[in-house]
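In case you want the letters, here they are:
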Amino acid sequence: AQSVTQLDSQVPVFEEAPVELRCNYSSSVSVYLFWYVQYPNQGLQLLLKYLSGSTLVKGINGFEAEFNKSQTSFHLRKPSVHISDTAEYFCAVLNQAGTALIFGKGTTLSVSS
Amino acid sequence: GAVVSQHPSRVICKSGTSVKIECRSLDFQATTMFWYRQFPKQSLMLMATSNEGSKATYEQGVEKDKFLINHASLTLSTLTVTSAHPEDSSFYICSAPGPQGALHGYTFGSGTRLTVV
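Residues numbered from 1 in each chain as written. Chains lettered and ligands numbered in written order. Predicted model: local features only at pLDDT ≥ 70, side-chain atom pairs only at ≥ 80, totals over all residues. Heavy atoms only, no water.

Draft legend 1. The arrangement of the pattern of salt bridges in detail. Residues and elements named next belong to chain A. In this structure the tally under the stated criterion is seven salt bridges over all chains. For E20, the salt bridge identified is with R77, shortest N-O distance 2.8 Å. Residue E20 is found in strand β3 (residues 19-21), and its partner R77 is found in strand β9 (residues 73-78); the two are separated by 57 residues along the sequence. E20 gets classed as partly exposed once you look at its relative accessible area, which sits at 34%. Among the ionic pairs, E66 bridges to R77, the shortest N-O distance being 3.5 Å. Placement of the pair is E66 in strand β8 (residues 64-68) and R77 in strand β9, with a sequence separation of 11 residues. (Salt bridge = Lys/Arg side-chain N within 4 Å of Asp/Glu carboxyl O. Helix = DSSP H or I, 4+ residues; strand = E, 2+ residues; numbered from the N terminus. Buried < 20%, exposed > 50% of the residue type's maximum accessible area, 1.4 Å probe, protein only.)

Draft legend 2. A look at the layout of surface pockets. If you add up the space inside the largest pocket, you get close to 360 Å³. As for the largest pocket, its lining consists of 18 residues, and the residues nearest its centre are A:Q38, A:P40, A:N41, A:E88 and B:K41. Elements with a minimum of two residues in the lining of the largest pocket: β10 (87-94) and β12 (107-112) of chain A. Top element by residues in the lining of the largest pocket is β10(A). It accounts for three residues. (1 Å grid on protein atoms, 1.4 Å probe; cavity = no way out; pocket = protein on both sides within 12 Å on 5 of 7 lines; lining within 4 Å. Points joined across faces, edges and corners; volume = space filled by probe spheres on them.)

Draft legend 3. Inspection of the side chain of B:S77 at higher detail. All names here are of chain B. For S77, the location among the structural elements is in strand β8 (residues 76-81). In this structure the side chain of S77 is engaged in a polar contact, spanning 3.0 Å, whose partner is the side chain of S50. Once residues within four sequence positions are removed from consideration, S77 is found in contact with I21, E22, C23, M33, W35, S50, I69, N70 and H71. (Polar contact = N/O pair within 3.5 Å; in protein donor to acceptor, adjacent residues only side chain to side chain. Contact = heavy atoms within 4.5 Å.)

Draft legend 4. Representation of the interface of chain A and chain B within the structure. Contacts between chain A and chain B engage 20 residues on the former and 19 residues on the latter. The contact between chain A and chain B buries some 1,500 Å² in all, and 59% of this surface belongs to carbon and sulfur atoms. By the criterion of area lost to chain B, the three top residues of chain A are A:N41, A:L44 and A:F103, representing 28% of everything that side buries. Linking chain A to chain B there are six residue pairs in polar contact (both at pLDDT 80 or more). Elements supplying a minimum of two residues to the side of chain A that touches chain B: β5 (33-38), β6 (44-50), β10 and β11 (101-103) of chain A. Taken together, the residues of the side of chain A that touches chain B sort by class into 11 nonpolar, seven polar and two charged. (Buried area = accessible area lost by both parts, 1.4 Å probe. Nonpolar A, V, L, I, M, F, W, Y, C, P; charged D, E, K, R; others polar.)

Draft legend 5. Region of the structure containing the state of the cysteines. For the structure shown, the criterion picks out two disulfides over all chains. A sulfur-sulfur separation of 2.0 Å characterises the disulfide bridge that pairs A:C23 with A:C91. Every disulfide takes its handedness from the sign of the S-S torsion; for A:C23 and A:C91 that torsion is -65 degrees, giving left-handed. Placement of A:C23 in strand β4 (residues 23-26) and of A:C91 in strand β10 is noted, with a sequence separation of 68 residues between them. Each member of the pair, A:C23 together with A:C91, is buried. With its sulfur 1.6 Å from that of its partner, B:C23 forms a disulfide with B:C94. Negative torsions about the S-S bond denote left-handed disulfides, and the value of about -85 degrees found for B:C23 with B:C94 makes this one left-handed. Highlighted residues: B:C23 in strand β3 (residues 19-25) and B:C94 in strand β9 (residues 90-97), separated in sequence by 71 residues. For B:C23, a relative accessible area of 0% puts it in the buried group. We note that B:C13 lacks a disulfide partner, and the nearest cysteine sulfur, in B:C23, lies 17 Å from it. On the basis of relative accessible area, B:C13 is assigned to the buried category, the value being 9%. (Disulfide = S-S within 2.5 Å.)

Draft legend 6. Just the sheet that holds β3(B), in detail. Residue and element names in this part refer to chain B. One open sheet accounts for four strands, arranged β1-β3-β8-β7; its pairing is antiparallel. Each of the sheet's edge strands pairs with one partner strand only, and the pair in question is β1 (4-7) and β7 (67-73). Within this sheet the neighbouring strands show an average axis-to-axis angle of 15 degrees, counted without direction. (Pairing = 2+ DSSP bridges. Axes fitted to C-alpha atoms, helices over the stretch in contact; angles between N-to-C directions.)

Draft legend 7. Just the nonpolar core, in detail. With 27 residues, the main nonpolar core has A:L33, A:W35, A:L47, A:L48, A:F74, A:L76 and A:Y89 as its most contacted residues. Ranked by residues supplied to this core, first place goes to β10(A) with four residues. Residues in contact with A:Y89, not counting those within four places in the same chain, are A:Q6, A:L21, A:W35, A:Y36, A:V37, A:L47, A:F63, A:L76, A:G106, A:T107 and A:L109. Counting 24 residues, the second largest nonpolar core, distinct from the first, contains B:V4, B:W35, B:F67 and B:V116. (Core = buried A, V, L, I, M, F, W, Y, C linked by side-chain atoms within 4.5 Å.)

Take a look at the structure:
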């Protein structure tokens, strides 16, 4: 069964610093990966997704992620973060049936000045 | 873009009462909707999949009689927490595949914070 592991529960960074949020997946079949962001008391917003093709995926708000099959990773990166990027970030994989998303435990990104 | 409207955003109810949460797809038809539960500082746990015109599919460990799901139309799915208890307090979120299909991402409601006192 598919699963995702987010290696860091909390990532504190200073404003304008680069950040990487790590995600590893396990799957024996084709994998479709997603990153979502959740602001306090809100639903989830799609940042980016990998379905196929180019392994470097660009998303909204300046985020990008790289699909690495050999390392089974899909890390999220941003070269320069803002205070407004403070939120919870979830990595997710589409389940084998293609019917639902399976989420990692989430990473809290805290950006301070 | 595709929007899923979820109501109420916050509800406080007495123990033993029932609470209904609604999710509507505003500008697209959602034959399938997913209901998640999120505990503080934790991930989203899939509770059930609601299917328009048929019975919902529940994940293992989720009580069907406690969390009643109805998908009455192509744009409306409801989750009713029956005989709520304090341990049911949580953040509930619905989602639906967007009009382009699941591979292109899911649209999430804004969530419902349920507090049972």
